[in-house]
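Coordinates in review
Read off the chains here:
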Amino acid sequence: MSISPPRTAVVIGGGVVGSACGLRLADAGVAVTLIDDAPAQRPASWGNAGHIAVEQVEPIASWATLRSAPRRHFARGGALDLPVAAIGAWLPFGLRLTAAATRFDAGKAALTRLMAGAMPAWRRLAKDVGDAALLREDGHFILWETPASAAAGRAAWAATDTGTASIRDATASELAALRGAMGAPFAGAVRCEGSAQIADPTRLADALAAALARAGVERRIGVATLVRRGDRVTVAVGGERLDADIVLVAAGIGSAALLGGIRVRVPLIAERGYHIEAATSGAMLPPRVFEDRSMIVTRFGDRLRAASFVEFSRADRPPDPRKWARLHAHVAGLGLAFEGEVTPWYGSRPTLPDYLPAIGRVAGTANLAAAFGHNHLGLTLSAVTGDIVAALLMDGSAADSALAPSRFF
């Protein structure tokens, strides 16, 4: 049975994924209302490292990840943390991740398909919001601090499928630039070509908001609730009930609670990350990944941001100040150019056990769709997700079954 293209849509979620989806639906002639419960730009959309990580076509749900987990634990100096107080969240999630690791090849194929469209979609989106310079296609660097880790790291990347991106040794001039931007020595570096970064997250947020306004999208600030009657879903917000041809849930970590309110259960976990940021007068370099410390450092204008950690927890738990302390120690140990007051941040990446997003219509409903669960790749995949959602809903394009929201229920 064919489904008519929607004339009206409510998009729940004002982050980069929800904004991209709302804009593409509006571009297709849909009357869109976008509901944002976090206008202060504190979610993961605006706290990330700004990295367009098209090289990451291998899902984290893998046997390699599971084997490496013990040595990557926070207590051993790594970036992975499983807080005892949050065992009720991460233990069942971990069991599902283990099951998903048996389907790694299928997951990789699905993620490779998504990544193939990620960079072209970002070029179009940056141009369409009126700021093509938002996208910096300068790749990124990966550095190691010891000869042993450099040798192991190079070998690992040589054996890794990087999709449309490629890895090469850093040149002499690049090595000199890297050395000039830090006060500590390092043992080796490679450059990834084909990846990119967003020039500034706040500038991106402002550009998206302006583009949505030009497209006629109505933006509402408030907390939404889903209400189901039969196979149709409406949205309650601010004492008002909104009915639309399509209700799109793109609320990041909040998507699980929204859907849970209508008894649709999704195994979404808060995979929390932390960063610190300060002014800098150092060199303008592409993002730098310090693999020995599981940390990425990105320059945004006159500020430098250092981000790290994979903390499986709940979004409502207080932050762990030890994470910020370790980031401070990493920055100091590497001699990075942090100047003046340092601003801390933490946020929750919305992660599903197979490390693939949920994109598509929600089975058993007439007008509910999903675009959430992008884990570490929310920024990377936001533009192409907007394109996919618009194609699915407007043109009846075939959905990718590997991304079906119903795969977990």
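Since the model is a prediction, treat every value here as computed from it, not as a measurement.

1. So, empty space enclosed by the protein
Across all of its chains, the model carries one cavity of 30 Å³ or more by this definition. Estimated volume of the largest cavity: approximately 50 Å³. Forming the walls of the largest cavity are Ala181, Thr280, Gly282, Ala283, Arg288, Arg299, Leu304 and Ala337. Grouping the amino acids of the lining of the largest cavity by side-chain chemistry returns four nonpolar, two polar and two charged.

2. Quick notes on the nonpolar core
In summary, soluble globular proteins display a tendency toward joint burial of nonpolar side chains. Ranked by size, the top nonpolar core spans 59 residues in total, and within it Leu25, Ile52, Trp122 and Leu204 carry the most contacts. At nine residues, the largest contribution of residues to this core is made by helix α12 (residues 378-395). Excluding anything up to four places from it in sequence, Leu25 contacts Ala9, Val11, Val30, Val32, Ala390, Leu393 and Met394. Membership of the second largest hydrophobic core comes to 27 residues, among which are Phe74, Ala181, Met182 and Ala189.

3. Some points on a nonpolar patch on the surface
A cluster of nonpolar residues, Ile87, Leu91 and Leu95, forms a patch on the protein surface that exposes about 280 Å² of accessible area. The partly exposed category is assigned to Ile87, whose relative accessible area is 40%.

4. A word on helix α6 (residues 118-128)
Listing the buried residues of α6 in full gives Ala118, Met119, Ala121, Trp122, Leu125 and Ala126. An end-on view of α6 places all buried positions within 155 degrees of arc, on one side of the element. Looking one or two places after α6, you find Gly130, whose phi comes out positive at around 85 degrees.

5. With respect to the side chain of Thr351
Locating Thr351 in the fold gives a position in strand β19 (residues 339-351). When its relative accessible area of 0% is taken as the criterion, Thr351 is described as buried.

6. Things to note about the packing of helix α1 (residues 16-27) against α12
Relative to each other, α1 and α12 sit at 35 degrees, their axes nearing to 8 Å. For α1 against α12, the interelement crossing comes out right-handed. Contacts from Val16, Val17, Ala20, Cys21, Arg24 and Leu25 in α1 reach Gly378, Leu379, Ser382, Ala383, Thr385, Gly386, Asp387, Val389, Ala390, Leu393 and Met394 in α12. Counted by class, the contact of α1 with α12 contains eleven nonpolar, four polar and two charged residues.

7. Quick word on the pattern of salt bridges
Applying the stated criterion across every chain yields a total of 29 salt bridges. Of the charged contacts in the structure, one is a salt bridge between Arg219 and Asp36, with a shortest N-O distance of 3.0 Å. Pair noted here: Arg219 is in strand β10 (residues 218-221) and Asp36 is in strand β2 (residues 31-36), with a separation of 183 residues, a long-range link. Judged by its relative accessible area of 4%, Asp36 is buried. For Arg322, the salt bridge goes to Asp320, with nearest N and O atoms at 2.8 Å. For Asp320, a relative accessible area of 13% translates into the label buried.

8. So, the environment of Gly261
Tracing the sequence through the fold places Gly261 in the loop between α10 (255-260) and β15 (269-279). C-alpha separation for the pair Gly261 and Ala329, spaced 68 residues apart in sequence, amounts to 42 Å.

9. Quick notes on the sheet that holds strand β13 (residues 240-242)
Strands pair in a sheet through their backbones, by hydrogen bonds, and they do so in one of two ways: parallel or antiparallel. Read from one edge to the other, the open sheet built from three strands follows the order β11-β12-β13, with strand pairing classed as antiparallel. Whereas interior strands pair on both sides, the edge strands pair on one side only; in this sheet they are β11 (225-229) and β13. Adjacent strand axes in the sheet meet at a mean angle of 35 degrees, parallel and antiparallel pairs treated alike. With three bridges connecting them, strand β12 (residues 232-237) and β13 associate as antiparallel partners. Each residue of the ladder has a partner; that of Ala236, found in β13, is Arg241.

10. What to know about the pairing of strand β20 (residues 358-361)
Across four bridges, the pairing between β20 and strand β21 (residues 368-372) is antiparallel. What sits directly across from Ala358, in β21, is Phe372. Between the antiparallel neighbours β20 and β21 lie six residues, among them Gly364 with a positive phi of about 85 degrees.

11. Points about the packing of aromatic side chains
Summed over the entire model, instances satisfying the criterion amount to six aromatic pairs. Between Tyr274 and Phe309 the ring centres are 6.1 Å apart and the planes differ by 90 degrees, which places this aromatic pair in the edge-to-face class. Here Tyr274, found in strand β15, pairs with Phe309, found in strand β18 (residues 303-313); they are 35 residues apart in sequence, far enough to count as distant. The pair formed by Tyr274 and Phe309 is uniform in burial state, with each residue classed as buried. With centroids separated by 6.2 Å and ring planes inclined at 70 degrees, the aromatic side chains of Trp324 and Tyr346 adopt a geometry described as edge-to-face. Within this pair, whereas Trp324 is found in helix α11 (residues 321-334), its partner Tyr346 is found in strand β19, the two being separated by 22 residues in sequence. Connected via pairs of aromatic rings, a cluster forms that spans Phe74, Tyr274, Phe309, Trp324 and Tyr346. Its guanidinium or amino end placed over the ring of Phe74, Lys323 lies 4.6 Å from that ring's centre, counting from NZ or CZ.

12. Concerning the sheet that holds β10
Pairing within the open sheet is mixed, and its six strands lie in the order β10-β2-β1-β14-β21-β20. Sheet topology places β10 and β20 at the edges, where each strand pairs with a single neighbour. Recorded for the sheet is a direction-independent mean angle of 20 degrees between the axes of neighbouring strands. Packed onto the sheet, α1 meets β1 (8-12), β2, β14 (246-249) and β21 and runs at close to 170 degrees relative to β2. In the packing of α12 onto the sheet, contacts are made with β14, β20 and β21, and the angle to β20 comes to roughly 15 degrees.

Criteria and cut-off values
Residues numbered from 1 in each chain as written. Predicted model: local features only at pLDDT ≥ 70, side-chain atom pairs only at ≥ 80, totals over all residues. Heavy atoms only, no water. 1 Å grid on protein atoms, 1.4 Å probe; cavity = no way out; pocket = protein on both sides within 12 Å on 5 of 7 lines; lining within 4 Å. Points joined across faces, edges and corners; volume = space filled by probe spheres on them. Nonpolar A, V, L, I, M, F, W, Y, C, P; charged D, E, K, R; others polar. Core = buried A, V, L, I, M, F, W, Y, C linked by side-chain atoms within 4.5 Å. Buried < 20%, exposed > 50% of the residue type's maximum accessible area, 1.4 Å probe, protein only. Helix = DSSP H or I, 4+ residues; strand = E, 2+ residues; numbered from the N terminus. Contact = heavy atoms within 4.5 Å. Patch = residues over 30% accessible without salt bridge, like charges linked within 9 Å, V, L, I, M, F, W, Y side chains within 5 Å. Areas by Shrake-Rupley, 256 points an atom, 1.4 Å probe, with all protein chains shown as cover. Salt bridge = Lys/Arg side-chain N within 4 Å of Asp/Glu carboxyl O. Arc of directions from axis to C-beta. Axes fitted to C-alpha atoms, helices over the stretch in contact; angles between N-to-C directions. Left-handed = near helix turned anticlockwise from the far one by under 90°. Pairing = 2+ DSSP bridges. Phe/Tyr/Trp six-rings, centres within 6.5 Å; stacked < 30°, edge-to-face > 60°. Lys NZ or Arg CZ within 6 Å of the ring centre and 35° of its normal.

No statement about biological role is implied by the geometric values presented.
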